[in-house]
Amino acid sequence: MTEPLDSLDYAKNLDKKDTLRHFRSEFYIPSNTIYLDGNSLGLLSKRAEHSLQEVLHSWKTLGIDGWTQGEHPWYYLSETLGEMSASLVGAEPNEVIVTGSTTTNLHQILSTFYQPEGHKNKILADELNFPSDIYALKSQLQLHGLQPETHLVQVKSRDGHTLHEDDIVSAMTEDIAFIVLPSVLYRSGQILDMEYLTREAHKRDILIAFDLCHSIGAVPHCLSKWNVDFAFWCNYKHLNGGPGSVASLYVNQKHFNTSPGLAGWFGSDKNKQFDMEHTMFPASDAGAYQIGTPHLLSAAPLYGSLSMFNEAGIENIRAKSLKMTEYFMELIDKQLHFYDFQIANPQVNEKRGAHIYLEHPEAARICKALKANHVIPDFRSPHGIRLAPVPLYNTYEEIWKTVQLLKRIMDEKLYKKFSNKRDVIA
Ligand SMILES: *Cc1c(COP(=O)(O)O)cnc(C)c1O
């Protein structure tokens, strides 16, 4: 290829060579729009729409018999979706269950497996994690009669964007019983070395759980090989399961048969559940940690969506994602270097998740100007702009156009038409 990197032809050539490009036509792309917010809410695909319609059809035509008949018998759907997700996280099929929400799954993990004993009773987290996780950890400590101020240890960031694995390991002191960390940080997109952290935690007899919200469907994992104890994630970001989509829970098989801390009848062994006994017989796998009747209409789209991920292959998705974010950064370096943008995501491949994170003092109104011009970014207070090129539906040409638009917004000071404050949802 001889075109200069910052030419439109260069972008078009990359698209031509892209082996995943046929998936784009399977998605509903809002018209006239460059959608770079798939790490907050992924777009609807035709396959996800179709599997939702199949479940609706079962309800329409079968009534209660939809539990055991029809295209996706409801009684087994959580398990089926768990099996379909296993290859994305490197787990055995029965180590993953689709249930609850990200936050309730974290509560279930802690209610079941966080067992403070004597002075080994603290929880280790970090100061950059998503607020909901931290709220859950604090409330769990309180349920045990412990004080969040003293018993939640949050590893500090040296630069406000990233964490040093060695700082985390240094904080794994004798009084830590449990660790909860993100796989990919939701702002800077840094990937933590899950294998290393798990090994170090286990050396010290500490259990470890990872929040995979920003890596699932974007980055491959080997949870079983790394011997990770627990993981949980939402399915509405990179996995395109739809707003409020049912979430997922991974429990390493070595922890099977631990009584659920938050028990409910859908955690039962499936053959015994309808005996209606007052003594519960939990399932012998990750299914035991379900609680009540699954939210089937919010789980159904995942069936279609996961079939696309399994067809595309997570390694291929990761390879394209890295190429897209690398190209994005190169264009930003080349074309936006006058304008005070700071690339605050890690730049090396091994440490970079699936989005670009830019900081700029005028970030809030730059995002509004992007939106007014049909490019959908994600603002993160106070100064952050997240841009996520999604391998299954974004193109290199869209990345090129976005950088041209950013340049125009800065050149022509278009951002000054907007206030530099966040909206209700940002
Ligand atoms: C999106 C996200 C959540 C959201 O939790 P819900 O219970 O699904 O609302 C939690 N943690 C992280 C890291 C996230 O990115």
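No experiment lies behind these values; they were computed from the predicted model shown. (Residues numbered from 1 in each chain as written. Predicted model: local features only at pLDDT ≥ 70, side-chain atom pairs only at ≥ 80, totals over all residues. Heavy atoms only, no water.)

**Looking at the pattern of salt bridges**
Using the criterion set out here, one finds 17 salt bridges in the structure. Asp-378 is paired through a salt bridge with Arg-386; the nearest N and O atoms lie 2.3 Å apart. Take Asp-378 and Arg-386: they sit in the same class, and that class is buried. In this structure, Lys-401 engages Glu-397 in a salt bridge whose closest nitrogen and oxygen atoms are separated by 3.3 Å. With Lys-401 and Glu-397 both in helix α13 (residues 396-411), this residue pair falls four residues apart, about one helical turn. A single salt-bridge network, built from bridges that share partners, covers Glu-26, Arg-47 and Glu-311. (Salt bridge = Lys/Arg side-chain N within 4 Å of Asp/Glu carboxyl O. Buried < 20%, exposed > 50% of the residue type's maximum accessible area, 1.4 Å probe, protein only. Helix = DSSP H or I, 4+ residues; strand = E, 2+ residues; numbered from the N terminus.)

**Things to note about the packing of aromatic side chains**
All chains considered together, the criterion is met by 17 aromatic pairs. Judged by centre distance (5.5 Å) and plane angle (80 degrees), the rings of Trp-67 and Trp-74 are edge-to-face. Given a relative accessible area of 8%, Trp-74 falls into the buried group. Ring centres 5.6 Å apart and planes at 55 degrees place the aromatic pair Phe-113 and Tyr-289 in the tilted group. Separated by 176 residues along the polypeptide, Phe-113 in helix α4 (residues 102-113) and Tyr-289 in the loop between β8 (248-251) and α10 (296-312) bring together distant segments of the chain. Residue Phe-113 is classed as buried on the basis of its relative accessible area, which comes to 7%. Overall, Tyr-289 belongs to the buried group, its relative accessible area being 2%. An aromatic cluster of three or more residues is present, and its members are Trp-67, Trp-74, Tyr-75, Tyr-76, Trp-265, Phe-266 and Phe-274. The ring of Phe-281 carries the charged tip of Lys-272 above its face, separated from the ring centre by 4.9 Å. (Phe/Tyr/Trp six-rings, centres within 6.5 Å; stacked < 30°, edge-to-face > 60°. Lys NZ or Arg CZ within 6 Å of the ring centre and 35° of its normal.)

**Quick word on the pairing of strand β5 (residues 176-182)**
Successive side chains on a regular strand alternate, one facing one side of the sheet and the next facing the other. In terms of residue burial, β5 counts as a mostly covered element, since seven of its seven residues are buried. Examined bridge by bridge, β5 and strand β6 (residues 207-211) share five bridges and lie parallel to one another. In the strand pairing of β6, Ile-179 is matched with Ile-208. For the handedness criterion, the β-α-β arrangement of β5, helix α8 (residues 194-203) and β6 is classed as right-handed. (Pairing = 2+ DSSP bridges. Right-handed = clockwise from strand over helix to strand, strands pointing away.)

**Here we look at a nonpolar patch on the surface**
Judged by side-chain polarity, Leu-56, Trp-59 and Leu-297 come together as a nonpolar surface patch covering roughly 300 Å² of accessible area. Along the chain, Leu-297 turns up in helix α10. (Patch = residues over 30% accessible without salt bridge, like charges linked within 9 Å, V, L, I, M, F, W, Y side chains within 5 Å. Areas by Shrake-Rupley, 256 points an atom, 1.4 Å probe, with all protein chains shown as cover.)

**So, the UniProt feature "modified residue: N6-(pyridoxal phosphate)lysine" (unreviewed entry) in the chain**
In this structure's numbering, the residues bearing the UniProt feature "modified residue: N6-(pyridoxal phosphate)lysine" (unreviewed entry) are Lys-237. The residue Lys-237 is located in the loop between β7 (230-233) and β8 in this model. Lys-237 gets classed as buried once you look at its relative accessible area, which sits at 8%. Ignoring any residue separated from it by four or fewer positions in sequence, one finds Lys-237 in contact with Gly-38, Asn-39, Ser-40, Leu-41, Gly-42, Cys-213 and His-214. (UniProt positions renumbered as here; feature names shortened; annotations may be inferred. Contact = heavy atoms within 4.5 Å.)

**Some details on the sheet that holds β7**
Spatially, the seven strands line up as an open sheet ordered β2-β8-β7-β6-β5-β3-β4, and their pairing is mixed. Only two strands of the sheet have a single neighbouring strand rather than two, namely β2 (96-98) and β4 (152-155). Mean inter-strand twist for the sheet, computed between neighbouring axes without regard to direction, equals 20 degrees. Sheet strands touched by α8: β5 and β6. Its angle to β6, the strand with the most contacts, is close to 155 degrees. (Axes fitted to C-alpha atoms, helices over the stretch in contact; angles between N-to-C directions.)

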